[in-house]
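# Remarks on the overall topology
Listed below are the residues making up each chain.
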Amino acid sequence: MKINNVKVIVTNPGRNYVTVKIETDQGIYGVGDATLNGRELAVAKTIEEYLAPIIIGKNPDNIEHIWQYIYRGAYWRGGPVFMTALAGIDMALWDIKGKKAGLPVYSLLGGKCRDKALCYTHVSGQSFKEVKDNALKKIDEGYKALRVQVSIPGLDGTYGTVEDDAKELPFVEKWDSKPYLNTIPQLFEYLKSEIDDDIHLIHDSHERLTISEAVKLAKRLEKYDLLFLEDLLKPENKDGFNFIKNNSAMPLAMGELFNSRWDAVKLITEKLIDYIRCDVSHIGGITEAKKIAHLAETFQVKTAWHGPADISPIAHMANLHLDFSTPNFGIQELAEFPKEVAEVFTGQPEFEDGYLKISDKPGLGCDIDEEKAAKYSYQKAYLPVAERLDGSVHDW
């Protein structure tokens, strides 16, 4: 079997997605997700102009060799654009391998470690009451774990509480840590009396805090027994996790902005985090994710792969195959897609009573309808930026 064609499909069924479709001379094809929110066309061009030509004619069965050939062969390695392009190709190759074998990808990764995968979704609001009301709706739907965010008084456009993708220029959010550090503990104090203790709660700081601020927040939230605090520090500040761990028993999760296993090594091997939550679409795909998961298992760190709405159902299915075949799986993020997505992509994670189930379809169990995808043209959209109250730039 040889690769004889590589397609890149850019579509916007409610938001932009980039799909890689690798075709072979035996008629078997595979699909992978290569979506990098706000930089979609940069990834698409990287695949079309640089990566697709060098894998034509190769045997798609040799996934590890192709991964190494792309990653190391370019000399200029890493970074979110390149690793997302590589991830799309990698997922498509695993899809082909599964289809050729007549087996789901999880079977090729060692088989099932569990019958279902615990998941969480997002809940937010402009007020504590709105957060509570939205949380109770999700609990009624069966969710047993929720990530909760609330609008911070006096700040315009708090992360996780507004639709903030913008088409012309980036939406600018205002940020100040003082009201944030005061508000979030109050939110959890309120929710403690409104939501059953059996529900797991999570909060995302989105890499905005200094080390001392992160320590303060972790200590203040300890008594509310969160499943974990997510992304307290920016990825360049890994040493800062030593201070948080030395001053708090709060479980910590990190990894959304990582691009390879090397980004995760220190935090895992020094047991500075409890959950590694890389985005499989941005770290080179399933091949790299399983290596990170194996490293994490050695140091008793669990996986919690990034699962937002800005990666396609293909990536969510890749997450799920890893979840089911990984012994140190912790929890899976599950965001809600725009309704148009189901028209373009077939096969999505199946939710039931707080858990995700997986089918035994060969490959990833997901596909794209190219004809329907063509109905939804790409629309440029920017991720937001954050500014402090004095107008200077802050990490979003």
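Use the structure listed above.
Residues numbered from 1 in each chain as written. Predicted model: local features only at pLDDT ≥ 70, side-chain atom pairs only at ≥ 80, totals over all residues. Heavy atoms only, no water.

Quick look at the sheet that holds strand β18 (residues 393–394) now. Hydrogen bonding along the main chain pairs the strands of a sheet, whether they run parallel or antiparallel. Taken in spatial order, the three strands of this open sheet run β6-β17-β18, and their pairing is mixed. Strands at the two margins of the open sheet, each flanked by one partner only, are β6 (172–175) and β18. As paired strands, β6 and strand β17 (residues 385–388) are joined by four bridges and run parallel to one another. Counterpart to glutamate 173 in the pairing with β17 is alanine 386. (Pairing = 2+ DSSP bridges. Helix = DSSP H or I, 4+ residues; strand = E, 2+ residues; numbered from the N terminus.)

All right, on to the pattern of salt bridges then. Pairs can form between side chains of opposite charge once their charged atoms are near each other. Overall, the coordinates contain 28 salt bridges when judged by the stated rule. Here lysine 174 and glutamate 387 are joined by a salt bridge, their closest N and O atoms 3.1 Å apart. Here glutamate 387 lies in strand β17 and lysine 174 lies in strand β6, a separation of 213 residues in the sequence. Look at lysine 174 and you get partly exposed, because its relative accessible area is 26%. Glutamate 270 is the salt-bridge partner of lysine 266, the closest N and O atoms lying 3.1 Å from each other. By relative accessible area, lysine 266 is classed as partly exposed at 23%. You can call glutamate 270 partly exposed: its relative accessible area is 40%. (Salt bridge = Lys/Arg side-chain N within 4 Å of Asp/Glu carboxyl O. Buried < 20%, exposed > 50% of the residue type's maximum accessible area, 1.4 Å probe, protein only.)

Attention now moves to helix α2 (residues 63–73). What α2 keeps buried is the set Ile63, Ile66, Trp67, Ile70 and Tyr71. Taken down its axis, α2 places every buried residue within 120° of arc, on the same side. Across from the buried face of α2, at angles greater than 90 degrees, the exposed residues are Arg72 and Gly73. Where α2 is buried, its residues contact β1 (3–11), α1 (40–55), α3 (80–101), α9 (261–269) and α10 (286–298). Directly beyond the C-terminal end of α2, a positive phi value near 70° is found at tyrosine 75. (Arc of directions from axis to C-beta. Contact = heavy atoms within 4.5 Å.)

When the terminal C-alpha atoms of α10 are compared, their 19 Å separation across 13 residues agrees well with the 18 Å that a helix rising 1.5 Å per residue should span. For α10, every residue scored as buried is listed here: Ile286, Thr287, Glu288, Ala289, Ile292, Ala293 and Ala296. Phi turns positive, to about 60°, at glutamine 300, one or two residues after α10. (Expected span 1.5 Å × (residues − 1).)

Turning our attention to unusual backbone geometry. Of note in the backbone geometry, aspartate 231 takes a positive phi value of approximately 50° without being a glycine. Topologically, aspartate 231 is positioned in the loop between β8 (228–230) and α8 (240–247). Although it is not a glycine, glutamine 300 adopts a positive phi angle of roughly 60°. Here glutamine 300 shows up in the loop between α10 and β11 (302–303). The class for glutamine 300 is exposed, based on a relative accessible area of 69%.

What follows concerns the side chain of asparagine 328. For asparagine 328, the location among the structural elements is in the loop between α11 (313–325) and β12 (332–333). Look at asparagine 328 and you get buried, because its relative accessible area is 9%. Leaving out residues up to four positions away in the same chain, asparagine 328 has contacts with Ala293, Ala296, Glu297, Val301, Lys302 and Thr303.

To continue, consider the environment of glutamate 189. Relative to the assigned elements, glutamate 189 resides in helix α6 (residues 177–192). For glutamate 189 and serine 107, which are 82 residues apart along the polypeptide, the C-alpha to C-alpha distance reads 44 Å. Apart from the residues lying within four places of it in its own chain, the contact partners of glutamate 189 are Lys223 and Tyr224. Here tyrosine 224 takes part through its side chain, which lies 2.6 Å from a polar atom of the side chain of glutamate 189. (Polar contact = N/O pair within 3.5 Å; in protein donor to acceptor, adjacent residues only side chain to side chain.)

Here the focus is the sheet that holds strand β3 (residues 29–33). The three strands are arranged β1-β2-β3 in an open sheet whose pairing can be described as antiparallel. Both outer strands of the open sheet, β1 and β3, are each paired with one neighbouring strand and no more. The sheet shows a mean angle of 20° between the axes of neighbouring strands, taken without regard to direction. Both strand β2 (residues 17–24) and β3 contribute to a ladder of five bridges, which runs antiparallel. Among the inter-strand pairings, lysine 21 is bridged to a residue of β3, identified as valine 31. Strands in contact with α3 are β1, β2 and β3; relative to β3, the strand with the most contacts, it is inclined by about 145°. (Axes fitted to C-alpha atoms, helices over the stretch in contact; angles between N-to-C directions.)

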